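# Observations on the three-dimensional arrangement
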Amino acid sequence: MKKNRHSLIGLFILAFFLGTCSGDNFVDDIDIKFCGEGCSSSSPWRVESLDLNLPCFSTKDACLQWAASHGYGDKPCIKCD
């Protein structure tokens, strides 16, 4: 009975460490781009935000200038593919 209990505890510990290590690497590899509606191939740049009412821009520089002047200076501009 003690052997089964120790095996079960060891299994839980192993599963915990394997789950936490692989989870961190997986999250770092995800590239999240949420652009929403309105961005097209002619204006593919948008401030990285969940706000769907933000405008789209044809160049990254125009996007960054708008972001800085409208309170989104700490947010990057992403290209919506």
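Up top is the structure.
Reference entry: report on the structure contained in this document.

The rules we used
Residues numbered from 1 in each chain as written. Predicted model: local features only at pLDDT ≥ 70, side-chain atom pairs only at ≥ 80, totals over all residues. Heavy atoms only, no water. Disulfide = S-S within 2.5 Å. Helix = DSSP H or I, 4+ residues; strand = E, 2+ residues; numbered from the N terminus. Buried < 20%, exposed > 50% of the residue type's maximum accessible area, 1.4 Å probe, protein only. Phe/Tyr/Trp six-rings, centres within 6.5 Å; stacked < 30°, edge-to-face > 60°.

## With respect to the state of the cysteines
Applying the stated rule across the entire model yields two disulfides. The disulfide bridge from cysteine 39 ends at cysteine 56, spanning 2.1 Å between sulfur atoms. Handedness here is read from the sign of the S-S torsion; for cysteine 39 and cysteine 56, about -90°, the answer is left-handed. Residue cysteine 39 is located in the loop between helix 1 (2-29) and strand 1 (45-47), and its partner cysteine 56 is located in the loop between strand 1 and helix 2 (60-69); the two are separated by 17 residues in the primary sequence. With relative accessibility at 21%, the residue cysteine 39 sits in the partly exposed group. The side chain of cysteine 63 participates in a disulfide bridge whose partner is cysteine 77; the two sulfur atoms lie 2.1 Å from each other. Between cysteine 63 and cysteine 77 the sulfur-sulfur dihedral comes to about -90°; the bridge is accordingly left-handed. With cysteine 63 in helix 2 and cysteine 77 in strand 2 (residues 77-79), this pair connects stretches of sequence that are 14 residues apart. Classification of cysteine 63 as buried rests on a relative accessible area of 0%. On the basis of relative accessibility, which here comes to 6%, the residue cysteine 77 falls in the buried class.

## So, the packing of aromatic side chains
For the structure shown, the criterion picks out two aromatic pairs. When the centroid spacing of 5.9 Å and the interplanar angle of 45° are considered together, the rings of phenylalanine 57 and tryptophan 66 count as tilted. With a centroid separation of 5.7 Å and an interplanar angle of 15°, the aromatic rings of tryptophan 66 and tyrosine 72 are classed as stacked. Aromatic ring contacts, followed pair by pair, group Phe57, Trp66 and Tyr72 into a single cluster.

Note that all results are geometric; they support no functional claim without further evidence.
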